[in-house]
Amino acid sequence: MSALSLRGVGKVFNPGSDQEVQAVHGVDLSVERGEFISVIGPSGCGKSTLLRLIGDLTPPSSGTVSVNGKTPARARLDRDYGMVFQSATLLEWRRVAANVELPLEIMGMDAAERSRQAAAMLGLVQLDRFANHYPWQLSGGMQQRVAIARALAFKPSILLMDEPFGALDEMTRERMQSELLRIRAETGTTVVFVTHSIPEAVFLSTRVVIMSPRPGTITEVVDIDLPEPRSDDTREDQRFFELLTDVREGLRAVEDS
Amino acid sequence: MSPNARRLLSFLGILAVLIAMWEGYKWMGTATGGVWPGTGIGLPVRTNERSMPHTWDVVIALLRPARRGGEMLLLVLVRAALFTWRSALLGFVLGSAVGFGLGVLFVRSALAERGLMPHVVASQTVPILAIAPILVVWAGRLNVTRWLVVAVVSAYLAFFPVAINTLRGLRSPDATASELMRSYAATPNQVLWKLQVPAALPYLFPALKIAATASIIGAIVGELPASMPDGLGRAILNFAAAFSAAPEKLFASILVASMVGIGFVGVVVLAERILIPPSRRLEDLGEAAGQRGGRLKEVVA
Ligand SMILES: Nc1ncnc2c1ncn2[C@@H]1O[C@H](COP(=O)(O)OP(=O)(O)OP(=O)(O)O)[C@@H](O)[C@H]1O
Ligand SMILES: [Mg+2]
C-alpha cells in the first residue's frame, strides 16, 4: 500500500461563476512510504492547491485521493498529517515549548508525556535552549524550525510542507535543508514538499514532480538518484548539476508551452 | 525618568494647561466685559461666577458642607459615587459577559450574526433615557431591588463594545492558524479556547475600558427613572437644578463622577497589564475607540 495515491485528481474553484478557475487537473501520483517528493512549477500552477487536496484542507472536484489506504478526511482525523507553511504561524502567546505541545494537547496527551515529547522534538531541531522563549524572540529560521518540531511532535506519517524555507536567506536555507534530511532519516516520515527552488528540490528529494499551469497538472517526474546520505558535498557532485539541468529543462518546457 | 513618572507628569501638565485655559478665558472675559479683545463680538460663554466658577472654588466647595451644617460635599459625593459604582460594576460584569457570549455566538454562526447584529447595533441607537424607565417599570412588577435594575441599564450600554471587539478578536487569527487546528482535528471548542480566545484578549481589553466608562454613564442615567435617592444621578440632578445659585457644586460632582470612571478604567488597565504581555497590548483608549468606530462603520455599511 502506498503512502499516497492520487488518481485523476482535479480541483475547480468557484465552478459555474465567471471566476471559475481550474487549479488542478488530472493529477496521477503514487508516493511510497519514506519517499521525499518535491513539487515545483511556475507560480499559480496549483502546487499549494495540490498539497491542500492531499491534506483535506479543500475537497477535490474530481478524482480520488487516498492516504495510507484511507480518505484524506479519515487520515486527517487519524492525525496522519504534519503541516508546515511558508510562515511559521506560531501562537505568539505561547512559549516555544508550549507551541510544540499544542497538537499534543489537542490530542489529549497527558502533561508529563507532552513536555517530554516537546523537549525531544526541540532537541531534534536543535532548539533545546530556546524552549522558554517566546516566538518573537527567535529569528525567522528558528521559528520555522519550531514549526517543523511542532509538525513532527505527534509523529505524523506524512509531512506536507508548502515553501517552508521560502522566506529564509540562502545560508539558513541550506542549513535547514540538511537538517530536514537528517530529521527525515531519523523519523522515516514521508514528505511532500512544495518549492520554487530547483537546487532545493534536487538536493532534498527522491523524486521531483514538475507541474504546468492552466490547468495545473504534472508534466514530468524526475528521479533523483543522488547517493545517500546526502551532505554538503552532494551539492558539488557532478550528478547534482546534471539533475539541476534536467529539472530546469523540464520547467522551461512548461513555461514555453 | 521611568515611563510611569513620565505619564504622570504629562497628565499633570495637561491638567495645568486646561486649568490655565479656563482661568485665562475667565480673566479675559472679566477684563473686556464679555467681548473678544478689541472687538464688539460677545464671548460664547459668560465668564461670571454663576456660569464659570473659579477652578479653586470647585475644589473649595468639595471641602465645605453640602448643606448648611451638613456633611462635607466631598463625602456626600463619594458616598453617592460608591453607591452608583456598585450598580455600574455589576452592569459592567453582566454586560461584558453578555458581550463576550454574543461575540462567541457570532463567530460560531454566520446566521446568528446576520440575524442579530442589526438588532445589536440598533439597540445602541435607542436613547438609554427611553430604555431605562421601561426596564424600571417592568422590574418594579417583578419586585427586583432597584439597584439591580440600574445595573441592567448599565449593562445595556456596556455589552456593545465588548461584543463587537470580541468578535473582531476571535476572527483575528489568520487562515493558516485555523488550518493548522484543522490538521490536528481539533474540536470547535478546542479551536475556541486554544486559538480564538487567546488571540482575542488584546482586542477585549480596549473594549472593557470603553465598557467600564459606559457602565458608569448607564448607571447614572438609570438611577433617574428608578428615582434612587442615594446615587450620583440624583446628586447631579439636584445640583443641576441649583446651578445658577451654586454652580461649583455641579462642577464638583462632574469631577467626582469622572474620577470614578478613571478609577474604574484604571482597574481594567491593571488587569490588562497582568494578563497581557507588553508586546501584545493594543495600548491606548484612543485606538480602542477608533476600533469601535471603525467596526461600527463596517457593521452599518
Ligand atoms: N481558495 C481559492 N479560491 C479561488 N481560487 C483559488 C483558491 N486557491 C487557489 N486558487 C487559484 O488556483 C490557482 C492555483 O493556486 P495555487 O495557490 O495552488 O498556486 P501555487 O502553485 O501554489 O502558486 P505559488 O507558487 O504562487 O504559491 C491560482 O490560479 C489561484 O488563483
Ligand atoms: Mg503556493
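Conventions we followed
Residues numbered from 1 in each chain as written. Chains lettered and ligands numbered in written order. Predicted model: local features only at pLDDT ≥ 70, side-chain atom pairs only at ≥ 80, totals over all residues. Heavy atoms only, no water. Helix = DSSP H or I, 4+ residues; strand = E, 2+ residues; numbered from the N terminus. Rg over C-alpha atoms; globule rule 2.2 N^0.38 Å. Buried < 20%, exposed > 50% of the residue type's maximum accessible area, 1.4 Å probe, protein only. Contact = heavy atoms within 4.5 Å. Areas by Shrake-Rupley, 256 points an atom, 1.4 Å probe, with all protein chains shown as cover. Lys, Arg positive; Asp, Glu negative; His and termini not counted. Charge placed at Lys NZ, Arg CZ, Asp CG, Glu CD. 1 Å grid on protein atoms, 1.4 Å probe; cavity = no way out; pocket = protein on both sides within 12 Å on 5 of 7 lines; lining within 4 Å. Points joined across faces, edges and corners; volume = space filled by probe spheres on them. Nonpolar A, V, L, I, M, F, W, Y, C, P; charged D, E, K, R; others polar. Near = heavy atom within 4 Å. Polar contact = N/O pair within 3.5 Å; in protein donor to acceptor, adjacent residues only side chain to side chain. Pairing = 2+ DSSP bridges. Axes fitted to C-alpha atoms, helices over the stretch in contact; angles between N-to-C directions. Phe/Tyr/Trp six-rings, centres within 6.5 Å; stacked < 30°, edge-to-face > 60°. Core = buried A, V, L, I, M, F, W, Y, C linked by side-chain atoms within 4.5 Å. Buried area = accessible area lost by both parts, 1.4 Å probe. Salt bridge = Lys/Arg side-chain N within 4 Å of Asp/Glu carboxyl O.

Trainee: Looking at this structure, I do not really get the overall build of chain A. What am I missing?
Mentor: What chain A contains, in helices and strands, is 8 helices and 9 strands. Against the compact-globule benchmark of 18 Å for 257 residues, chain A has a radius of gyration of 18 Å, which places it among compact chains. Principal-axis analysis of the C-alpha atoms places the extent of chain A at approximately 55 × 45 × 35 Å. For chain A, the residues scored as buried account for 56% of the 257 residues in total. Across chain A, the fraction of contacts at a sequence separation of at least 24, relative to all contacts at a separation of at least 6, is 69%. Surface exposure of chain A reaches about 11,100 Å², of which carbon and sulfur atoms provide 49%. In chain A, 28 side chains carry a positive charge and 35 a negative one; their mean positions are 7 Å apart.

Trainee: Can you help me understand the layout of surface pockets in this one?
Mentor: Rolled over the atoms, a probe with the dimensions of a water molecule shows which regions are left empty. All names here are of chain B. Estimates place the volume of the second largest pocket at around 370 Å³. Residue lining of the second largest pocket: 15 residues in total, with Arg67, Val76, Ala235, Asn238 and Phe239 positioned closest to the centre. Per-element tally for the lining of the second largest pocket: the top contributor is helix α9 (residues 232–241), with 4 residues. Partitioning the lining of the second largest pocket into residue classes produces 6 nonpolar, 3 polar and 6 charged.

Trainee: I'm lost on the site of ligand 1 in this one. Help?
Mentor: Residue and element names in this part refer to chain A. The full set close to ligand 1 counts 13 residues, and Ser43, Gly44, Lys47, Ser48 and Thr49 are the nearest of them. Glycine 44 is positioned such that a nitrogen or oxygen atom in its backbone is 2.8 Å from an oxygen atom of ligand 1. Between ligand 1 and the protein, one listed contact pairs an oxygen atom with a side-chain N or O atom of threonine 49 at 2.5 Å. When contributions to the shell around ligand 1 are tallied by element, the ones reaching two or more residues are β2 (21–31) and α1 (47–54). Here the element with the most residues in the shell around ligand 1 is α1; it accounts for 3 residues. Its residues assigned to classes, the shell around ligand 1 comprises 4 nonpolar, 7 polar and 2 charged.

Trainee: What exactly am I supposed to notice about the sheet that holds strand β6 (residues 158–162) of chain A here?
Mentor: Across a sheet, strands are paired by hydrogen bonds formed along the backbone, either parallel or antiparallel in direction. Residue and element names in this part refer to chain A. Strand order in the open sheet formed by 6 strands is β5-β6-β7-β3-β8-β9, and the pairing between neighbours is mixed. Since the sheet does not close on itself, it has two edges, and those belong to β5 (81–84) and β9 (217–223), each with one partner. Taking the axes of each pair of neighbouring strands and ignoring which way they run, one obtains an average angle of 20° across the sheet. Looking at chain direction, strand β3 (residues 36–40) and strand β8 (residues 207–212) are connected through 4 bridges and run parallel. Bridging across to β8, serine 38 finds its partner in valine 208. Across the sheet, helix α6 (residues 170–187) touches β3, β6 and β7 (190–194), and the angle it forms with β3 is around 145°.

Trainee: In this structure, what is going on with the packing of aromatic side chains? I would like to understand it.
Mentor: What describes a pair of aromatic rings is the distance from one ring centre to the other and the angle between the planes of the rings. This model, assessed by the stated rule, comprises 10 aromatic pairs over all chains. Between Tyr134(A) and Trp136(A), the aromatic rings sit 6.4 Å apart at their centres with planes inclined by 5°, giving stacked as the arrangement. A residue is classified by how much of its surface remains accessible, and Tyr134(A), at 23% relative accessible area, is partly exposed. Measuring from ring centre to ring centre gives 5.8 Å for Phe154(A) and Tyr184(B), while their planes differ by 85°; the resulting arrangement is edge-to-face.

Trainee: Help me understand the nonpolar core in this model?
Mentor: With 92 residues, the main nonpolar core has Leu6(A), Leu122(A), Ile148(A), Val202(A) and Val247(A) as its most contacted residues. In terms of residues, this core owes the most to one element, helix α5 (residues 140–152) of chain A, which gives 7 residues.

Trainee: So what exactly am I meant to see when it comes to the interface of chain B and chain A here?
Mentor: By convention, interface size is frequently given as the accessible area that disappears when the constituent parts associate. With 18 residues of chain B at the contact, the number on the chain A side is 23 residues. Between chain B and chain A, roughly 1,900 Å² of surface is buried when both sides are summed, and carbon and sulfur atoms account for 62% of that area. The three residues of chain B that bury the most area against chain A are Arg182(B), Tyr184(B) and Lys194(B), which together make up 35% of that side's buried surface. On the surface where chain B and chain A come into contact, there are 3 salt bridges. Close ionic contact of Asp56(A) with Arg182(B) constitutes a salt bridge, the shortest N to O distance being 3.4 Å.

Trainee: Explain the pairing of β8(A) to me, please; I cannot follow it from the model alone.
Mentor: It is a general feature of regular strands that their side chains alternate between the two faces of the sheet. Residues and elements named next belong to chain A. With 6 of 6 residues buried, β8 is to be regarded as a mostly interior element. Across the two faces of β8 the burial is the same, with Arg207, Val209 and Met211 and Val208, Ile210 and Ser212 all buried. In the sheet, β8 pairs with β9 via 6 bridges, with the strands oriented antiparallel. Its bridge partner being in β9, methionine 211 is matched across the sheet by isoleucine 218. Hairpin connection of β8 to β9: 4 residues between the antiparallel strands, including arginine 214 at a positive phi of 45°.

Trainee: It is not clear to me how the environment of Ala158(B) should be interpreted in this structure. Could you clarify?
Mentor: Residue and element names in this part refer to chain B. Mapped onto the elements of the fold, alanine 158 is located in helix α6 (residues 146–170). Exposure remark for alanine 158: the relative accessible area of 0% places this residue in the buried category. Between the C-alpha atoms of alanine 158 and methionine 181, which are 23 residues apart in sequence, the distance is 32 Å. Setting aside chain neighbours within four positions, we find alanine 158 in contact with Gly91, Phe92, Gly95, Ala211 and Ser215.

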